[in-house]
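Survey of secondary and tertiary structure
In case you want the letters, here they are:
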Amino acid sequence: MDKGSVENYVTYGEIVRQQSSWRNALNSFSSRRADILKLIEPFRKRTWVFSGCGTSFYLAQTASFLFKAITGIATNVTPASEILINSKNVFNNPTEYLLIVISRSGKTTEIVKAAELARNQLNIPTLAVSCNPNSDMVVKSNLKLTFPFSQEESVVMTGSFTTMLLSITYLASLISSNSEIETNLWKIAEFSATLMKEYEPLIQYIGNEKDLLYFIFLGQGSYFGIANEAALKMQEMSLSFSQAYHSLEYRHGPMSTAEANTLITLLLSHSVEDYEITLLKDLRKLGAKLLVFSSKSNSQIIELTDYYVKVPDIYHDYLNHFLYMPLLQLLGYYKSLAKNINPDKPKNLSAVVTLEL
Ligand code: F1P
């Protein structure tokens with residue numbers, strides 16, 4: 001497939017423009033820095049419960065883990081549907097909560113209803129994170145974290161995922177006065193754009209591998225949400241069978257289905273790398289193809305894997321997500337093109353999923 005037709009899809013444009021969305025968001029936040037901090041101040045002692053649906057739920061998983069790691073504030077994570085169906089279990093102790101409602105559109109039924117339930121019946125304030133500042137979910141929320149964003153036309157969420165994650169990470173850096181993370185957030189766009197150019201040919205090559213039919217994504221900690229989101233991108237765009245697990249969980253049963261047609265993508269973290277290298281050795285024996293994302297140059301990893309994406313070793317487990325995710329989105333994208341599927345029009349999906357209640 002020639003480059004011209006590759007770039008014809010809306011989804012592609014939205015994947016490659018995301019770094020400029022991050023810069024726009026940071027510019028906007030930095031001009032409101034003091035105001036944002038002032039608004040958040042009264043909620044520091046609460047448990048922050050991150051919630052969303054689909055991509056926004058996987059974002060909540062990553063954000064919940066990262067936010068706690070950066071700020072030390074207690075967090076929890078739940079799909080919005082659980083707040084509707086099992087609210088007593090989600091909010092199950094006398095702790096004071098803040099509910100963080102995440103939604104690109106601000107219109108998905110479950111998250112809109114969860115926010116209403118929290119505010120109106122449980123007396124729990126909400127912080128809305130969204131790409132649509134005019135949505136009811138945002139307008140009615142007690143607190144808002146919004147930013148300038150050219151709305152995505154594509155059904156699948158790409159730049160919206162990373163830009164909302166960046167917003168939450170920025171907020172965490174402000175709350176914890178972590179100037180290193182804040183400074184690095186400004187640099188990450190350039191690194192990510194460079195990395196995308198460097199590795200896009202490899203990702204396209206893997207996407208074109210006709211024999212690869214099944215896709216597994218593995219990650220620990222904050223990378224688990226990224227693994228889930230990578231699996232969802234692969235499903236939505238290329239209609240391929242894909243799953244995600246906590247990396248070491250994969251050995252406890254799921255690996256029995258691995259075969260030569262399987263691509264296992266391992267998102268390596270700093271903190272548990274020794275365990276993960278042992279895992280890699282086990283995965284090597286399965287006969288599947290391996291793709292590893294890592295921020296360390298490790299000859300052992302290189303020997304053990306088929307494909308290797310090496311990201312700069314400066315951001316560690318706080319910011320590597322912004323280097324991994326755009327390439328993982330491209331993997332789903334290129335697989336869809338290889339299967340002659342239109343990535344802009346996922347089967348059975350619409351840009352906003354609503355429930356008739
Ligand atoms: C969430 C969501 C996405 C999905 C599709 C439809 O929307 O379900 O996860 O990929 O785009 O919408 P939102 O609540 O973030 O707008």
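Quick look at the structure, then. The structure presented is a predicted model; accordingly, all values stated were derived computationally and were not measured. (Residues numbered from 1 in each chain as written. Predicted model: local features only at pLDDT ≥ 70, side-chain atom pairs only at ≥ 80, totals over all residues. Heavy atoms only, no water.)

1. Some words on the overall build of the protein
For the protein, the count of helices and strands is 16 helices and 10 strands. For the protein, whose C-alpha radius of gyration is 20 Å, the value lies close to the compact-globule estimate of 21 Å for 357 residues. Burial status across the protein gives 59% buried among its 357 residues. For the protein, restricting intrachain contacts to residue pairs at least 6 apart in sequence, the fraction spanning at least 24 positions comes to 74%. Approximately 14,900 Å² of the protein is accessible, and the part contributed by carbon and sulfur atoms is 50%. Measuring between centres, the 32 positive side-chain charges of the protein sit 4 Å from its 33 negative side-chain charges. (Helix = DSSP H or I, 4+ residues; strand = E, 2+ residues; numbered from the N terminus. Rg over C-alpha atoms; globule rule 2.2 N^0.38 Å. Buried < 20%, exposed > 50% of the residue type's maximum accessible area, 1.4 Å probe, protein only. Contact = heavy atoms within 4.5 Å. Areas by Shrake-Rupley, 256 points an atom, 1.4 Å probe, with all protein chains shown as cover. Lys, Arg positive; Asp, Glu negative; His and termini not counted. Charge placed at Lys NZ, Arg CZ, Asp CG, Glu CD.)

2. Here we look at the sheet that holds strand 8 (residues 262-267)
Read across the sheet, 5 strands follow the order 7-6-8-9-10 without closing on themselves; strand pairing throughout is parallel. The open sheet has two edge strands with one neighbour each: strand 7 (241-245) and strand 10 (307-310). On average, each strand axis in the sheet is tilted by 15 degrees relative to the strand beside it, whichever way the strands run. With 4 bridges connecting them, strand 9 (residues 289-294) and strand 10 associate as parallel partners. Note that in strand 10 the partner of Leu291 across the bridge is Tyr307. Across the sheet, helix 11 (residues 179-208) is in contact with strand 8, strand 9 and strand 10; its angle to strand 10 comes to roughly 165 degrees. (Pairing = 2+ DSSP bridges. Axes fitted to C-alpha atoms, helices over the stretch in contact; angles between N-to-C directions.)

3. Remarks on helix 3 (residues 18-31)
Taking 1.5 Å as the rise per residue, helix 3 with 14 residues should run 20 Å; its terminal C-alpha atoms sit 20 Å apart, in good agreement. Along helix 3, the residues classified as buried are Gln18, Gln19, Ser21, Trp22, Ala25, Leu26, Ser28 and Phe29. (Expected span 1.5 Å × (residues − 1).)

4. Details of the nonpolar core
Grouped together as the largest cluster of nonpolar side chains are 81 residues, with contacts concentrated most on Trp48 and Phe217. For this core, the element with the most residues is helix 16 (residues 321-338), which contributes 11 residues. (Core = buried A, V, L, I, M, F, W, Y, C linked by side-chain atoms within 4.5 Å.)

5. What to know about the packing of helix 10 (residues 159-175) against helix 16
Taken N-terminus to C-terminus, the directions of helix 10 and helix 16 make an angle of 170 degrees; their axes are 10 Å apart at the nearest point. Taken together, helix 10 and helix 16 sit at an angle that is classed as roughly antiparallel. Contacts from Gly159, Phe161, Thr162, Leu165, Leu166 and Thr169 of helix 10 reach helix 16 at His321, Phe322, Met325 and Gln329. Grouping the amino acids of the contact of helix 10 with helix 16 by side-chain chemistry returns 5 nonpolar, 5 polar and no charged. (Parallel < 35°, antiparallel > 145°, perpendicular 65-115°, else oblique. Nonpolar A, V, L, I, M, F, W, Y, C, P; charged D, E, K, R; others polar.)

6. Thoughts on the packing of aromatic side chains
Within the structure shown, the criterion is met by 16 aromatic pairs. An angle of 45 degrees between the planes, with centres 5.4 Å apart, marks the rings of Tyr12 and Tyr333 as tilted. With Tyr12 in helix 2 (residues 10-16) and Tyr333 in helix 16, the pair connects residues that are 321 residues apart, well separated along the chain. Here the aromatic rings of Trp48 and Phe67 are separated by 4.5 Å at their centres, their planes lie at 25 degrees, and the arrangement is stacked. Taken together, the positions of Trp48 in strand 1 (residues 47-52) and Phe67 in helix 5 (residues 55-71) put the pair 19 residues apart, joining distant regions of the chain. We note that Trp48, like Phe67, is buried. Linked through ring pairs, Tyr9, Tyr12, Tyr333 and Tyr334 together constitute an aromatic cluster. Above the plane of the ring of Phe149 lies Arg17, whose end atom (NZ or CZ) is 5.7 Å from the centre. (Phe/Tyr/Trp six-rings, centres within 6.5 Å; stacked < 30°, edge-to-face > 60°. Lys NZ or Arg CZ within 6 Å of the ring centre and 35° of its normal.)

7. Quick word on helix 13 (residues 273-284)
Its 12 residues give helix 13 an end-to-end C-alpha distance of 16 Å, which sits within 8% of 16 Å, the value for a rise of 1.5 Å per residue. Turning to helix 13, the residues buried within the fold contact strand 6 (214-219), strand 8, strand 9 and helix 14 (299-304).

8. Some words on the sheet that holds strand 4 (residues 126-130)
The sheet built from 5 strands is open, its strands ordered 2-1-3-4-5 with parallel pairing. A single partner strand is all that each edge strand has here, and the edge strands are strand 2 (75-79) and strand 5 (143-145). The mean angle between the axes of side-by-side strands here comes to 20 degrees, regardless of whether they run parallel or antiparallel. Looking at chain direction, strand 4 and strand 5 are connected through 3 bridges and run parallel. Bridge assignment links Leu127 to a residue of strand 5, and that residue is Leu143.

9. Re the pattern of salt bridges
Counted according to the given criterion, the structure contains 12 salt bridges. Here Arg104 ties to Glu152 by a salt bridge, and the two come within 2.8 Å at their closest N and O atoms. On the criterion of sequence distance, the pair formed by Arg104 in the loop between strand 3 (97-103) and helix 8 (109-121) and Glu152 in the loop between strand 5 and helix 10 is long-range, its members being 48 residues apart. For the pair shown, Arg104 and Glu152 are each scored as buried. A salt bridge links Arg251 to Asp282, with the nearest nitrogen and oxygen atoms 2.8 Å apart. One end of the pair, Arg251, is in the loop between strand 7 and strand 8; the other, Asp282, is in helix 13, with 31 residues separating them in the sequence. Each of Glu229, Lys233 and Glu236 takes part in salt bridges that share partners, so that together they form one network. (Salt bridge = Lys/Arg side-chain N within 4 Å of Asp/Glu carboxyl O.)

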